[in-house]
Amino acid sequence: MRRLLALAAAMAVLSAGAACSAERSGPSGSPPAAAGASSGAGGTGPGAAGGSLGPPAGGNGPEVCAAAQKASGAAVRTYVAELGRMIGAVGANDSATAEAARKRAEAALAGWRTALRQQSARATDPQLKTLLADLASEVGTLGTDVDAIDEEELDELQQRLDQLCAR
C-alpha cells in the first residue's frame, strides 16, 4: 500500500508540472504573448528568491521550452503508467509482466533524460541551458524504485522550468 501511495504522490508531482507547462503554452507550443508579464512578477516560487530567475528565457527559449515540455509530458505519462503496471504485476506475482513494465519505465526515463540534454545543448539562454541540464541529471537519478523518488526535488526543478518558460 505504501508503494501505491508513493506512486500516486510521484504521479501527481510529475504530471502536474507537465500539465501546467502545457496549459501555459499557446496553440503553437510557445508561451502566450499576453500572459506572464504579471504572473511572474512576484518571484514567489522556488528558485525565484532574490530574483534569481531574472527575465524569461531569451534567444530560442520558447522553442526549446516547448520541446522540453512536450518531451516531459510524454515521458511522464509513459513512466507513471509503466510503474503502475509494474506494481500491479508484482502484486499479482507476475514477474514477466513486472520486468517488461520496469524496462519500459526505464526506457521512458532514458528518453526523457536524452531529450532534456538535447534541448539543453540547443538552448542559447544560459539559465535555461543550466536548468535543463539540472533537470536531466535529476531525471537520471530516477528509477523504478518508487520509494526512492525525490518528488520535492523534481517539483522544484519543474516549477523553475515553468517559471522560466511560461513568462
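Since this is a predicted model, take the numbers as computed values, not measurements. (Residues numbered from 1 in each chain as written. Predicted model: local features only at pLDDT ≥ 70, side-chain atom pairs only at ≥ 80, totals over all residues. Heavy atoms only, no water.)

(A) Structural context of the overall build of the protein chain. Helices and strands together make up the secondary structure of the protein chain, namely 5 helices and 0 strands. Order of helices (α) and strands (β) in the protein chain, N terminus to C terminus: α-α-α-α-α. A total of 167 residues make up the protein chain; the buried ones form 38% of that total. The long-range fraction of contacts in the protein chain, counting pairs at least 24 apart against all pairs at least 6 apart in sequence, stands at 77%. Accessible area for the protein chain stands at about 8300 Å²; split by element, carbon and sulfur atoms hold 56% of it. (Helix = DSSP H or I, 4+ residues; strand = E, 2+ residues; numbered from the N terminus. Buried < 20%, exposed > 50% of the residue type's maximum accessible area, 1.4 Å probe, protein only. Contact = heavy atoms within 4.5 Å. Areas by Shrake-Rupley, 256 points an atom, 1.4 Å probe, with all protein chains shown as cover.)

(B) View of the nonpolar core. The biggest cluster of nonpolar side chains holds 34 residues, and the ones touching the most others in it are Y79, W112, L116 and L128. The set of elements that each furnish at least two residues to this core consists of helix 2 (61–91), helix 3 (95–122), helix 4 (126–141) and helix 5 (151–166). (Core = buried A, V, L, I, M, F, W, Y, C linked by side-chain atoms within 4.5 Å.)

(C) Up close: the pattern of salt bridges. Within this structure, the stated rule accounts for 4 salt bridges. One salt bridge in this structure joins E82 and R85, with 2.7 Å as the shortest N-O distance. Pair noted here: E82 and R85 are both in helix 2, with a separation of 3 residues, about one helical turn. We classify E82 as buried; its relative accessible area is 8%. The shortest N-O distance in the salt bridge between R102 and E99 comes to 2.2 Å. Taken as a pair, R102 and E99 lie in helix 3 at a separation of 3 residues, close to a single helical turn. (Salt bridge = Lys/Arg side-chain N within 4 Å of Asp/Glu carboxyl O.)

(D) Helix 3, seen in detail. Helix length check: helix 3, at 28 residues, gives a terminal C-alpha distance of 40 Å against a target of 40 Å (1.5 Å per residue), a fit within 8%. By the burial criterion, the buried members of helix 3 are A98, A101, A105, A108, L109, W112, A115, L116, Q119 and S120. (Expected span 1.5 Å × (residues − 1).)

(E) Local environment of the packing of helix 4 against helix 5. Closest axis-to-axis distance for the helix 4/helix 5 pair is 10 Å, and the angle between their directions is 155°. With respect to each other, helix 4 and helix 5 are oriented roughly antiparallel. In the packing of helix 4 onto helix 5, the handedness of the crossing is left-handed. Mapping the contact onto sequence places Q127, L128, L131, L132, D134, L135 and E138 in helix 4 and E153, L154, L157, Q158, R160, L161, L164 and C165 in helix 5. Residue composition of the contact of helix 4 with helix 5, by class: 9 nonpolar, 2 polar and 4 charged. (Axes fitted to C-alpha atoms, helices over the stretch in contact; angles between N-to-C directions. Parallel < 35°, antiparallel > 145°, perpendicular 65-115°, else oblique. Left-handed = near helix turned anticlockwise from the far one by under 90°. Nonpolar A, V, L, I, M, F, W, Y, C, P; charged D, E, K, R; others polar.)

(F) Main features of unusual backbone geometry. Despite not being glycine, N93 shows a phi value in the positive range, around 55°. Inspection of the secondary structure puts N93 in the loop between helix 2 and helix 3. N93 sits in the exposed class, given a relative accessible area of 72%.

(G) Summary view of the environment of A81. Counting through the fold element by element, A81 comes out in helix 2. A relative accessible area of 32% means that A81 is categorised as partly exposed. A C-alpha to C-alpha distance of 8.7 Å links A81 and A101, two positions 20 residues apart in sequence.

(H) The side chain of S72, seen in detail. Mapped onto the elements, S72 comes out in helix 2. Apart from the residues within four sequence positions on either side, S72 is in contact with W112 and L116.

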